[in-house]
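# Structural features, examined
Each chain, letter by letter, is given below.
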Amino acid sequence: MSHTACMARLLASAVHDMRNILAVIRESAGLAQDITRFGDGSAASRKELEISLDEVRRQVVLAAQLAEGLEFMAQNGPPRGSLSQSGATGDKSNSCDLARVCRLFCRMAARQARAAQIRLECAENTEPVWMESRPMPVLHCLLDVLDSCVSVGGKVDLHLAATQQEGATGIAVRVSGGDNEALALSALTACLRPIQGMTCARLLSTGPGTFFLVLPTGEEG
Amino acid sequence: MTHIKVLLVDDERRFVETLAERLRLRGLAPTVAFDGKEALDAATRPVDVIVLDLRMPGMDGFEVLRKVKASNPQVQVIILTGHGGDGEEETAYRLGACDFLRKPADIDELMHSIKTACQIR
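The present account deals with the structure reproduced in this document. (Residues numbered from 1 in each chain as written. Chains lettered and ligands numbered in written order. Predicted model: local features only at pLDDT ≥ 70, side-chain atom pairs only at ≥ 80, totals over all residues. Heavy atoms only, no water.)

### Overview of the packing of aromatic side chains
Residues and elements named next belong to chain B. In the structure shown here, the tally under the stated rule is zero aromatic pairs over all chains. Over the face of the ring belonging to Phe34 we find Arg13, whose NZ or CZ atom lies 3.8 Å from the ring centre. One cation-aromatic arrangement involves Lys103 over Phe15; the distance from NZ or CZ to the ring centre is 4.6 Å. (Phe/Tyr/Trp six-rings, centres within 6.5 Å; stacked < 30°, edge-to-face > 60°. Lys NZ or Arg CZ within 6 Å of the ring centre and 35° of its normal.)

### Considerations on the pairing of strand β7 (residues 210–214) of chain A
All names here are of chain A. Alignment of strand β5 (residues 168–175) against β7, held across five bridges, turns out to be antiparallel. Looking at the pairing, Ile171 lines up with Leu213 of β7. By the bridge criterion, five bridges tie strand β6 (residues 202–207) to β7 in an arrangement that is antiparallel. Opposite Gly207, over in β7, you have Thr210 as the bridge partner. Between β6 and β7, which pair antiparallel in sequence order, lie two residues; one of them, Gly209, sits at a positive phi of approximately 75 degrees. (Pairing = 2+ DSSP bridges. Helix = DSSP H or I, 4+ residues; strand = E, 2+ residues; numbered from the N terminus.)

### Describing the side chain of B:Ser113
All names here are of chain B. On the secondary structure map, Ser113 appears in helix α5 (residues 107–120). Among the residues examined, Ser113 registers a relative accessible area of 3% and is labelled buried. A distance of 2.8 Å separates polar atoms of two side chains, one belonging to Ser113 and the other to Asp99. Residues contacting Ser113, with those up to four places away along its chain left out, are Ile78, Asp99 and Leu101. (Buried < 20%, exposed > 50% of the residue type's maximum accessible area, 1.4 Å probe, protein only. Polar contact = N/O pair within 3.5 Å; in protein donor to acceptor, adjacent residues only side chain to side chain. Contact = heavy atoms within 4.5 Å.)

### A closer look at the sheet that holds β7(A)
Residues and elements named next belong to chain A. Pairing in this open sheet of five strands is mixed, and the strands run β2-β4-β5-β7-β6 from one edge to the other. A strand with exactly one partner marks an edge of an open sheet, and here the two such strands are β2 (119–122) and β6. Sheet twist, expressed as the average angle between the axes of neighbouring strands with direction ignored, equals 30 degrees. Lying over the sheet, helix α6 (residues 135–151) contacts β4 (157–165), β5 and β7, oriented at roughly 145 degrees with respect to β4. Contacts between helix α7 (residues 181–189) and the sheet are confined to β5, β6 and β7, with β5 contributing the most and set at about 150 degrees to the helix. (Axes fitted to C-alpha atoms, helices over the stretch in contact; angles between N-to-C directions.)

### Focus on empty space enclosed by the protein
All names here are of chain B. What the rule picks out here adds up to one cavity of 30 Å³ or more. Empty space within the largest cavity amounts to approximately 40 Å³. Lining the largest cavity are Leu8, Val9, Asp10, Phe15, Val16, Leu19, Val51, Leu52, Asp53 and Leu80. Those elements giving two or more residues to the lining of the largest cavity turn out to be β1 (5–9), α1 (13–25) and β3 (49–52). Ranked by residues supplied to the lining of the largest cavity, first place goes to α1 with three residues. Class assignment of the residues belonging to the lining of the largest cavity gives a composition of eight nonpolar, no polar and two charged. (1 Å grid on protein atoms, 1.4 Å probe; cavity = no way out; pocket = protein on both sides within 12 Å on 5 of 7 lines; lining within 4 Å. Points joined across faces, edges and corners; volume = space filled by probe spheres on them. Nonpolar A, V, L, I, M, F, W, Y, C, P; charged D, E, K, R; others polar.)

Bear in mind that shape data such as this cannot, by itself, settle questions of function.
Here it is as structure tokens:
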């Protein structure tokens, strides 16, 4: 899978989720309108109105998070130079905050994960975890990890955390729980090698159910 | 209108519950299912129209559509999905869907589609 194919899959997943979010906003706002039109003004009716408006607020937050992911992809995904030709500007430096990349990945790939009944979670890092790498190869590696879990039928809990281990910066990958936990662990163990032709990306076993994703650095990937 | 039985199938719980409430307020009798298996179970009971999502965990919407149409060709199926490529639309019609709507769809548009589906039936 090329970086472009990886980006296309993440964008498709995010767009699908965005449509779902818009659908919930539309129905929740519509229900609020219906309640004011058909409701009897009772306490139950007012409560339902409040719940609908809360849902609208919650979904708007989710939409904003997805929009952040889409913007990030727009700035970092395309091949080098293609944005500057159109006048857009993005952070084209060779370092990225792995914690942010993990968070955005979990949002962008949420739909793909849900379709495979994979509970995809990300550590809530309070501090950035900087590394000399461009974001796209990192997203690509994370999608490879997700694909390995999907390939065994999904139904696992997959947890990602940007971290440092023994001086190396990377992503701790933990598989815990789910019907296919053992199969997913086998699939990831089989990946204890350079991932998908990437020269520097390796998945190392660090204990039962845990791995450490060593990522391509600098201009790699 | 009061007797139209609509089965809503979508894994987005909040969406499907809210939509069900809105259809109820418009005089329909909706029931809900949150995945393909639940949908097939629910479709064994009397239902006039199924409003079906395509991308769901486990059994996808196309598989549900195939099985529902094989067991009860009279049931009309409207696809309502956030995954609306032309290929999906063509496949849905080929498998017997009577309409294909993209999220977010307007409630009036959905009501019109449900009424039309009942007339076909």
